[in-house]
Amino acid sequence: MTWNASETADYYILTAESNSGHKVQLSTNETWAYISEFHCGEEYYLSVQAADSECTSRPSQPAMFYSEPCPPTGVSSLMNCVSNIAVVSWNRSEGAEFYTAVVMEEDGQATSCWSDSEECGIPNVICGKNYTVTVVASNKDCHSDPSEMDTLQSVPCVPTDVIVRMNCSDNQAMVSWSASEGALSYGVRALSEMGDVSYCDTTDQSCPLSNLTCGRTYTVQVVAQDNICSSLPSPAMTFQSAPCTPYIGDVVLDCYTNSALLTWAYAAGATNYTATAVSSNGYVSTCTSNYTNCELMDLHCGEIYNVTTVAMTDECSSPPSAVLQVESVPCPPEDVEHYLDCSTNTARVEWQASKGADYYIVQALGVREHVSGCETDWNSCELSDLMCGFTYNISVMSVNSVCNVSYSSMTQLKAVPCIPQYVQARVDCETDGVVVSWEPSKGASSYMAVAQGNGGYVSTCDSNQTTCLFDDLLCGLNYSITISASDEMCSSAGSSVVELSTVPCEPQKVSAEMMCGNDTGLVSWEEEEGVASYMVRAYGPDGHKIMCNSTTTTCQLPSMHCGQLYNVTVTALDGECDNSYVHLNLQSG
């Protein structure tokens, strides 16, 4: 403080007194002085008195000033985590007209804010730093000493380099990121478009998100955390959880192509599907589709397949669906053979057992019309209703609960030829033979005629036509004639019997004598079978002609001319052929 000199003054007395009563005095023989030991933040009135050895003047007109403001007390700081503003507050300082808060980094860089109240905010504080905070009170002349230091930790930095990797088998997402300055821990939160939430906390730089709902698109963000604040979320990233497991609806086997048409319900999150069929021996058939169905091709016959479906995306596959079993087409029978019983016209069909067959159906299709068949659980079957003379195409079909289309290769069977019908027989009087005829028999390539004589004599005649000539039958016998038809394998039963008598035999032991008393010739012979009557003719050289008929073994020729050598003919008559005769001579009297 300075003042003008006073006349006659030896020295001066300087007095400073505050409103609170604090008083400071000093004396000096100069016209200036340093005054200290003021109380901070008070209004002081300063006056000067001139003095000599005897008197002291009245005080000068007082000068008023404010002491240095007191350092702020109660300084505290905190972060507004959302707006990233450091908020500093303190208690009011005496003598302060305004305040300056200083936030300083460890490297000495400082940021400040000014306020005429007891708080201020510093925006855009660098994330993830530790700061020291002090406050200085000021008036128009002075600044106080800094307040005691407070420490401030800024908001952790936003995590960067967020990566999501799906563990498809567990439907779990592993989220990783780069370390954030100021972070003590991290929080990860994933939200699906349907409101499903999954989250995890960790002190590391990765964290698994479990309990994800299948087939959802999730948005994931990571926040860094300290003891006070959380950072703003990292930029949103999307990922797809594993697709949901499909539900198989039905499997329909196409028996003709041995392929299975598989359908299933739509699985959320799937972009395509793969169906797999695995047989008991390890054979695999697969198909892939963008729709909810596909066809499993080229299945092996006679197998039971376990069928599953998985839903897929570019990155993940769902767990497989529940197993559905499908039975493929049974294998066709092999080594089909047939054995014809000619006596009964029945055929036994045999084959090797077929894999996957529950039972078998044998079909015998007549080349033109008739159908025969049988059904069995075994690998043989009897065809009992074959029609004679037919050629059958025989095949064996394997059948299971699904299919009846597995046919064996075809084999041909010829049934027994039909029995000849409309058999007729007649005696050929010219040749004394017997001609037999009949209608053609279906399936026959040749015929055999059998003539059974009543005396036990048997004669046969073979022919590939529908007629046959017996030229060796005995005369004068009754024959029973039957015809049987044959092919390369079998002969039919005999036809109905036709009875026939052969030509009469020539009369035997024929003799002639004259009964001289009455010019009568007596002709006799042995009795024969099959002869209805006899006719005797006698021809004389003089042209005389005489005849007689008899049903016995003698006949008389009356009124024969004398002296004539008659030519006598004895003819056996049967009503059909009258050409069995004997010649002899008789000399009349």
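What counts and what doesn't
Residues numbered from 1 in each chain as written. Predicted model: local features only at pLDDT ≥ 70, side-chain atom pairs only at ≥ 80, totals over all residues. Heavy atoms only, no water. Pairing = 2+ DSSP bridges. Helix = DSSP H or I, 4+ residues; strand = E, 2+ residues; numbered from the N terminus. Axes fitted to C-alpha atoms, helices over the stretch in contact; angles between N-to-C directions. Phe/Tyr/Trp six-rings, centres within 6.5 Å; stacked < 30°, edge-to-face > 60°. Buried < 20%, exposed > 50% of the residue type's maximum accessible area, 1.4 Å probe, protein only. Disulfide = S-S within 2.5 Å.

1. Considerations on the sheet that holds strand β27 (residues 346-352)
Read across the open sheet, the three strands follow the order β26-β27-β30; overall the sheet is antiparallel. The sheet terminates laterally at β26 (334-341) and β30 (380-383), the two strands that pair on one side only. The mean angle between the axes of side-by-side strands here comes to 20°, regardless of whether they run parallel or antiparallel. Two strands pair when backbone bridges link them, and β26 and β27 are joined in this way by six bridges, in the antiparallel orientation. When the sheet's bridge partners are listed, D341 is paired in β27 with T346.

2. Here's the deal with the packing of aromatic side chains
Following the criterion strictly, the structure yields 15 aromatic pairs and no others. Ring centres of Y283 and Y305 lie 6.5 Å apart, and the angle between their planes is 75°; on these two criteria the pair is classed as edge-to-face. Of this pair, Y283 sits in the loop between β21 (272-279) and β22 (284-289) while Y305 sits in strand β24 (residues 304-312), and the two are 22 residues apart along the sequence. Judged by relative accessible area, Y305 falls into the buried class, the value being 0%. What links up through ring pairs into an aromatic cluster is the set F38, Y44 and F65.

3. Side note on the state of the cysteines
As enumerated under the stated definition, the model contains 16 disulfides in all. The partner cysteine of C200 in its disulfide is C207, sulfur to sulfur 1.9 Å. Since its relative accessible area comes to 9%, C200 is described here as buried. On the accessibility criterion, C207 (2% relative accessible area) is buried. The disulfide partner of C461 is C468, and the gap between their sulfur atoms is 1.4 Å. Given an S-S torsion of about -100°, the disulfide between C461 and C468 has left-handed geometry. By relative accessible area, which is 11% here, C461 ends up buried. Unpaired in terms of disulfides, C516 finds its nearest cysteine sulfur in C562, a separation of 12 Å.

So far we have only geometry, and geometry alone does not tell us how the molecule works.
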